[in-house]
Amino acid sequence: MAKEKIKVDFRFREKLNKIQGGKHHNYCYQCSACVAVCPAARFTEEFNPRVILLKTLLGMEEALTGEDSPIWLCTNCYSCYERCPQDVRPIEVIIALKNMAVQRQKAPASLAKLSENIAQTGVSVTVTSAVSRRRQELGLPPLKTIPIDELKEILEDPQSVTKDDK
Amino acid sequence: MMPLKYPQMELAIRKTLPNLGVELVDVDGFTCCPDPIYFKARDKIKWLTIAARNLAIAEEMGLDVITMCSGCISTLKEAKYTLDEDPEAKAEVNRRLKKINKEYRGTAQINHAVVLIRDTLGLDVVKKSIKRPLDGVTVAIHYGCHILKPSQIMHVDDADYPSILDDFVAAMGATPLDHREKLLCCGKGCMDEELPLEMTETIFASIEESGADCMGLVCPTCFSSFDLGQILISRKKGKTYNIPVIYLFQLLGLAQGLEPEQVGLHTHRIKADKVLEKIKESAKA
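Criteria and cut-off values
Residues numbered from 1 in each chain as written. Chains lettered and ligands numbered in written order. Predicted model: local features only at pLDDT ≥ 70, side-chain atom pairs only at ≥ 80, totals over all residues. Heavy atoms only, no water. Domains from an automatic or database assignment. Core = buried A, V, L, I, M, F, W, Y, C linked by side-chain atoms within 4.5 Å. Buried < 20%, exposed > 50% of the residue type's maximum accessible area, 1.4 Å probe, protein only. Helix = DSSP H or I, 4+ residues; strand = E, 2+ residues; numbered from the N terminus. Contact = heavy atoms within 4.5 Å. 1 Å grid on protein atoms, 1.4 Å probe; cavity = no way out; pocket = protein on both sides within 12 Å on 5 of 7 lines; lining within 4 Å. Points joined across faces, edges and corners; volume = space filled by probe spheres on them. Nonpolar A, V, L, I, M, F, W, Y, C, P; charged D, E, K, R; others polar. Buried area = accessible area lost by both parts, 1.4 Å probe. Salt bridge = Lys/Arg side-chain N within 4 Å of Asp/Glu carboxyl O. Polar contact = N/O pair within 3.5 Å; in protein donor to acceptor, adjacent residues only side chain to side chain. Patch = residues over 30% accessible without salt bridge, like charges linked within 9 Å, V, L, I, M, F, W, Y side chains within 5 Å. Areas by Shrake-Rupley, 256 points an atom, 1.4 Å probe, with all protein chains shown as cover. Lys, Arg positive; Asp, Glu negative; His and termini not counted. Charge placed at Lys NZ, Arg CZ, Asp CG, Glu CD. Disulfide = S-S within 2.5 Å.

**Quick word on the domain arrangement of chain A**
Argument step 1. What the domain assignment reports for chain A is domain 1 (10-103) and domain 2 (109-155).
Argument step 2. Computed from C-alpha atoms alone, the centre-to-centre distance between domain 1 of chain A and domain 2 of chain A is 31 Å.

**Overview of the nonpolar core**
Argument step 1. With 146 residues, the main nonpolar core has A:Leu97, B:Val114, B:Leu134, B:Phe168, B:Phe226, B:Phe249 and B:Leu251 as its most contacted residues.
Argument step 2. The greatest single-element share of this core, amounting to nine residues, is contributed by helix H7 (residues 90-103) of chain A.
Argument step 3. Once residues within four sequence positions are removed from consideration, B:Leu251 is found in contact with B:Leu134, B:Val139, B:Val169, B:Met172 and B:Ile246.

**Quick word on the layout of surface pockets**
The gaps left among the atoms become clear once a water-sized probe is rolled over them.
Argument step 1. When its volume is computed, the second largest pocket comes out at roughly 580 Å³.
Argument step 2. Lining the second largest pocket we find 27 residues, and of these A:Lys18, A:Ile19, A:Gln20, A:Gly21 and B:Asp86 sit closest to its centre.
Argument step 3. For the lining of the second largest pocket, the secondary-structure elements that each account for two or more residues are H7 of chain A together with helix H3 (44-61), helix H4 (70-85) and helix H5 (87-98) of chain B.
Argument step 4. Per-class residue counts for the lining of the second largest pocket are seven nonpolar, eight polar and twelve charged.

**A closer look at the interface of chain B and chain A**
Argument step 1. Of the residues lining the interface, 68 residues belong to chain B; the matching set on chain A comes to 60 residues.
Argument step 2. Carbon and sulfur atoms supply 59% of the area that chain B and chain A bury against each other, a total of about 5500 Å² over both sides.
Argument step 3. On the chain B side of the contact with chain A, B:Leu4, B:Arg42 and B:Met191 bury the most area, a combined 15% of that side's loss.
Argument step 4. The tally of links between chain B and chain A comes to twelve salt bridges.
Argument step 5. Residues B:Arg53 and A:Glu150 are paired through a salt bridge, measuring 3.0 Å at the closest nitrogen-oxygen approach.
Argument step 6. Linking chain B with chain A are 30 residue pairs in polar contact (both at pLDDT 80 or more), by the criterion used here.
Argument step 7. Looking at the side of chain B that touches chain A, the elements with two or more residues in it are helix H1 (7-16), helix H2 (38-42), H3, H4, H5, helix H8 (151-154) and helix H10 (194-210) of chain B.
Argument step 8. Looking at which element gives the most residues to the side of chain B that touches chain A, the answer is H3(B), with seven residues.

**A few points about unusual backbone geometry**
Outside of glycine, negative phi angles account for most residues, and trans bonds account for most peptide bonds.
Argument step 1. Cis peptide bonds are those with omega within 30 degrees of zero, and the linkage from B:Cys33 to B:Pro34 qualifies with 0°.
Argument step 2. Relative to the assigned elements, B:Pro34 resides in the loop between H1 and H2.
Argument step 3. Its identity as a non-glycine residue notwithstanding, A:Gln30 has a phi of 65°, on the positive side.
Argument step 4. Using a relative accessible area of 23% as the deciding quantity, one classes A:Gln30 as partly exposed.

**What about a negative patch on the surface?**
Argument step 1. Together, A:Glu46, B:Asp192, B:Glu193, B:Glu194 and B:Glu198 line one region of the surface with negative charge.
Argument step 2. Mapped onto the fold, A:Glu46 is located in the loop between helix H3 (39-43) and helix H4 (49-58).

**Quick word on the state of the cysteines**
Residues and elements named next belong to chain B.
Argument step 1. The final tally for this structure, using the stated rule, is zero disulfides over all chains.
Argument step 2. The thiol sulfur of Cys33 is not disulfide-bonded, and the nearest other cysteine sulfur, from Cys72, lies at 3.9 Å.
Argument step 3. Since its relative accessible area comes to 6%, Cys33 is described here as buried.
Argument step 4. The thiol sulfur of Cys186 is not disulfide-bonded, and the nearest other cysteine sulfur, from Cys222, lies at 4.0 Å.
Argument step 5. Judged by its relative accessible area of 5%, Cys186 falls in the buried class.

The following block contains the structure:
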């Protein structure tokens, strides 16, 4: 039986190395300690942090940062970071992969909605009229004004998450 | 730093911490932490920049930052750890901050209020502030991931066998109850429809089995998973749990003799009537 050649896309790995947190993927030796403690892996076979790291080591860009990537199922619980004996910090590698998916405009549309407020208003959640009313009813002081201009300066370029995002 | 989504939590903090001798200072110019999940997924350097701006403001004032929220402490502590560890990231963040005449130096310390209470004030101060001990009230604690992990950054407790919240609840006179899924993630950070519900339901079943009167936590995001989450589960899966979810500073307020409305318990979707009755009865006895 002819052996299939394994191809590794090192250019993808070099790109990942340059994103904050991405470099640690190089330390993974596939021990699966992350899988044992991963709550997403416990509840679905679609998510497996060891497999994500294996695909990262192979440089499988489309599988990891394309539209059908499983990375968005990560619960962000940091159990893998806690347990990893190699200091891979799998969650941070996954976040670096998410940053790459955003750069390719392949992130889920819901991410745009969930992440746009902070850059626009300085707060992560929308301050709805219900929240304002409740603050009043509970006798809480009004919210302080946020210097949005400062935020815009330090964030520089506005960045879209998906093709449809403005 | 306060969780904005749930004003009742801010109310509970503002009512209870002064009873422990803490003076709260509202800082001008803070933005949200920002959130440790979605904005970070979008662009980690920008995420670090916003966090560093908040820390730079605290540094200028010579203040340490106290958060009331597991997400805020997670973001700020991780940002500090990353910026102190990675000179390239720090240089880029400070290049951006320079435009608004700010600089991140790394001098401010960050802690969650429960850590301040355990390490700086001491639990005896909590015990002395109690007017109505929560005798007989059993609390299933949900630690939530972000206050504990990664422990090399958070420095709060043993991530596998934590006790900080159990001890806090015990100091109020209540009884913390163990249950199988005490450390399971609430699932909120997972961008899927089904998975988070399966995870919260697993936790509810575990708490129901423990027979606890209520659930106690310190994370607003977990709160949303469990308070609103129970409504979603009864709607989607037809199972009603009816487990009141109480932010631990609300519980502290009750123990300090405040009325439920004074700590905003009436704003919760799952009403805490049974727990409140128990507290009233034990006060009579």
